[in-house]
Amino acid sequence: MPQGLIIKGIGGFYYVKTEEGIVECRARGKFRNENITPLVGDMVTVSIHNNSNSLDKIHERKNQLIRPPVANVDQLIIVFAAVKPEPNLELLDKFLIVAELNNMDIAICINKIDLIEAPLIEGMFAPYKEAGFNIIYTSTKKDIGIEDLKLYLKDKVSVFSGPSGVGKSSLLNKLHPSFNMETGEISKKIERGKQTTRHTQLLELHEGGYVADTPGFSSLEYEAMKVDYEELDYLFPEFRDFLGQCKFTGCSHTKEPGCAVKNAVEEKQVNKRRYESYVRMYDDIKKLGRNYR
Ligand SMILES: Nc1nc2c(ncn2[C@@H]2O[C@H](COP(=O)(O)OP(=O)(O)OP(=O)(O)O)[C@@H](O)[C@H]2O)c(=O)[nH]1
Ligand SMILES: [Zn+2]
């Protein structure tokens, strides 16, 4: 029986990319009974019949995003603008947590670099580079960095995410001729209502790999609050070398004496602003408690 990837779902039909081509099929009734909805990005087994094909099995998911609804996301492309709007680094830190939490690869894409001097913006993101994150600088206006971005997308299933107005739709339009997404500010507000009913599709890139045609929204930041506060430290990759070296086991790295992470901040081995972002998230998550889930 053929296996493949769901690239589109619309009106009860799923479109599965198999080795033999795209198979249009309906999901078997058992999924509805079990309250399981097949998602774009699912690996599935289908069977071919004369009158209608059926989607028989959904393979185990490695992760799943809610907005946009995509399963098995390999990579989150977190888009911020160099300016207009000014990058909100605390929000960026939350996006990074969501990606780490879901075992997704991460690329930070800083768009609109045509609007600012390169050293200024590189300085701002140096701590992220030092922490090991991939950073791509792009401009859709001046066609900068688009080829670099394509290299990151190759052979992966990627979802773009980031705040409003940073240029996500503009970037997607650059990547694939059929994206044709609405960009700009004025028409955007009118389109907003429509966007919620839009069906997400995975578009196959010429170079190999897929990109979701619906970008994620900044609501992704709330996903970050689902992490256990005890596990938050591990999700800051630049802390990892110091974990386990604090005086107290179970150190929260917020107020305890003899904390190796705080010490690393003082010795400038860990960026202070990233550390402060950690403390704020730690306090917020603790306040929310486990009721939030
Ligand atoms: N100067 C400059 N402007 C850009 C660039 N990329 C996009 N823009 C502009 O920024 C505005 C927002 O771009 P969009 O692509 O609609 O941004 P978005 O992230 O999809 O926005 P939402 O749909 O609100 O989430 C538009 O006016 C674009 O023309 C760039 O590289 N440089
Ligand atoms: Zn500590």
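Owing to the predicted nature of the structure, the values given are computational and were not obtained by experimental measurement. (Residues numbered from 1 in each chain as written. Chains lettered and ligands numbered in written order. Predicted model: local features only at pLDDT ≥ 70, side-chain atom pairs only at ≥ 80, totals over all residues.)

Moving on, we come to the pairing of strand β4 (residues 43–47). Burial of β4 is one-sided: the residues V44 and V46 facing one way are buried, the residues M43, T45 and S47 facing the other way are not. Strand direction decides the pairing type here: strand β1 (residues 3–10) and β4, joined by three bridges, are antiparallel. Across the sheet, residue Q3 finds its bridge partner in β4, namely T45. As paired strands, β4 and strand β5 (residues 53–58) are joined by four bridges and run antiparallel to one another. When the bridges of β5 are listed, V46 appears paired with L55. Linking β4 to β5, which pair antiparallel, is a turn of five residues. (Buried ≥ 20, exposed ≤ 12 C-beta atoms within 10 Å, placed from the backbone. Helix = DSSP H or I, 4+ residues; strand = E, 2+ residues; numbered from the N terminus. Pairing = 2+ DSSP bridges.)

Here we come to the environment of K272. With respect to the helices and strands, the residue K272 is situated in helix α9 (residues 272–288). Through-space distance from the C-alpha of K272 to that of P127 is 9.4 Å; in sequence the pair is 145 residues apart.

Here the focus is the nonpolar core. Core analysis: the largest hydrophobic core is formed by 54 residues, its most contacted members being I78 and C109. Residues lining this core come from more than one domain, with at least three contributed by each of domain 1 (3–58) and domain 2 (64–220). Sequence-distant contacts of C109, defined by excluding residues within four places in its chain, comprise I77, I78, V79, I136, T138 and L149. (Core = buried A, V, L, I, M, F, W, Y, C linked by C-beta atoms within 7 Å. Domains from an automatic or database assignment. Contact = placed C-beta atoms within 7 Å.)

Time to look at the environment of T140. Following the sequence through the fold, T140 ends up in the loop between β10 (134–137) and α4 (146–153). Here T140 falls in the buried class, since 20 other C-beta atoms lie within 10 Å of it. The sequence separation of T140 and L172 amounts to 32 residues, and the corresponding C-alpha distance is 9.7 Å. If near-sequence neighbours (up to four positions away) are discounted, T140 is found in contact with N111, G167, S170, L171 and K174.

If you check which residues of helix α5 (residues 168–175) are buried, you get K168, S169, L171, L172 and L175. All buried residues of α5 lie within an arc of 160° about the axis, which places them on one face of the element. Looking at the buried side of α5, the elements it contacts are β8 (75–81), β9 (105–111), α4, β11 (157–161) and β13 (210–212). (Arc of directions from axis to C-beta.)

Moving on, we get to the sheet that holds β8. Through backbone hydrogen bonds, the strands of a sheet pair up, either in parallel or in antiparallel fashion. Within the open sheet, the six strands sit side by side as β10-β9-β8-β11-β13-β12. Their pairing is mixed. One side of each edge strand has no neighbouring strand; the edge strands of this open sheet are β10 and β12 (202–204). Geometrically, the sheet is characterised by an average inter-axis angle of 25° between neighbouring strands, direction not taken into account. Pairing of β12 with β13, which is carried by three bridges, proceeds in the antiparallel orientation. Its bridge partner lying in β13, L203 is registered against V211. Its contacts with the sheet place α5 against β8, β9, β11 and β13, and it is angled at close to 145° to β11. (Axes fitted to C-alpha atoms, helices over the stretch in contact; angles between N-to-C directions.)

What follows covers the domain arrangement of the protein. Taken domain by domain, the protein holds domain 1 (3–58), domain 2 (64–220) and domain 3 (228–292). The partner domain 2 presents eleven residues to the nine residues of domain 1 that form the contact. Sorting elements by how many residues they give to the side of domain 1 that touches domain 2 places β1 first, with four residues.

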